[in-house]
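Residue strings, one per chain:
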Amino acid sequence: MSDSVDVTTQNSTVEEWTGALARAVGSPGGGAGAGVMLAMAASLTSMVAGYTEAGDGQQTHVDNVLSRAEELRKLALHLADEDAAASRAFGAAFNLEKGPERDKAIREASVGAARSSAILGEHALEAIDDLGWLAEHGNSALIADVVVAFGALRAALTGARTNVSFDLGTLRASGATLDEVREQHPQLWATVQKLDAAIERIDTSAAAVDDRAAPTDSD
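K.L.:
Explain the nonpolar core to me, please; I cannot follow it from the model alone.
P.N.:
In a soluble, globular protein the nonpolar side chains are often hidden away together inside. Leu38, Leu120, Val146, Phe150, Leu153 and Leu157 are the most contacted members of the largest nonpolar core, which has 38 residues in total. Contributing elements (two or more residues each) for this core: α2 (30–51), α3 (59–94), α4 (100–126), α5 (128–137), α6 (143–170) and α8 (186–213). With residues up to four places along the chain from it excluded, the contact list for phenylalanine 150 reads Leu131, Gly132, Ala135, Ile202, Ser205 and Ala206. Of all hydrophobic cores here, the second largest spans 10 residues; its members include Val111, Ala118, Val164 and Leu168.

As structure tokens, then:
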């Protein structure tokens, strides 16, 4: 596939999709990459849950973790493709000639891109508890996979958090100040802080099991 517009997570191989990501075209870009990282985290969550033998009264919980993880894997790939589309609109806005129409296009594209990343971040945030539960109750032989999943989930959250912040900041190119951006888009602004807190949660959870996942790294 020669045109990155035709490359999606649904119709491309990993080789084709990462090849498109590697090109200097911006679509797919970092936001779409965050979506794929979320799909990776969800896939590993599903795998570990599938290997987990449920204890007394826990089978329903394990089944629910499996169901949520599989739904998230599919949704994350869809969100990755939506972000790639938002990136194209973002780039097109900045390529317009300077003037009111360009300013309007930048505002719409920036807010659209920020919302796309915020949605991805919200779904990534919801996945933390299930992965944390598996870190404590999942098959102990797969604790390294849990830590890898934590890493992928952290990457997804970090990407979403940073892109929301960056896209809001880009509104300054249409003449707005950061104070005006915060006043006009309070929910998106608050999302950045919410995702910051989620990243800290993941770091704490991953650190708590690192001695089990990487025993050779302990004193």
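Read on for the rest.
K.L.:
What exactly am I supposed to notice about the pattern of salt bridges here?
P.N.:
Side chains carrying opposite charge are able to pair once their charged atoms draw close together. Applying the stated criterion to the full structure yields eight salt bridges. A salt bridge links arginine 73 to glutamate 70, with the nearest nitrogen and oxygen atoms 2.7 Å apart. Pair noted here: arginine 73 and glutamate 70 are both in helix α3, with a separation of three residues, about one helical turn. Classification of glutamate 70 by relative accessible area gives partly exposed; the value is 28%. For arginine 161, the salt bridge goes to aspartate 196, with nearest N and O atoms at 3.0 Å. Placement of the pair is arginine 161 in helix α6 and aspartate 196 in helix α8, with a sequence separation of 35 residues. Judged by its relative accessible area of 28%, aspartate 196 is partly exposed. Bridged by salt links that share partners, the residues Glu70, Arg73 and Lys74 form one connected network.

The rules behind each value
Residues numbered from 1 in each chain as written. Predicted model: local features only at pLDDT ≥ 70, side-chain atom pairs only at ≥ 80, totals over all residues. Heavy atoms only, no water. Core = buried A, V, L, I, M, F, W, Y, C linked by side-chain atoms within 4.5 Å. Buried < 20%, exposed > 50% of the residue type's maximum accessible area, 1.4 Å probe, protein only. Helix = DSSP H or I, 4+ residues; strand = E, 2+ residues; numbered from the N terminus. Contact = heavy atoms within 4.5 Å. Salt bridge = Lys/Arg side-chain N within 4 Å of Asp/Glu carboxyl O.

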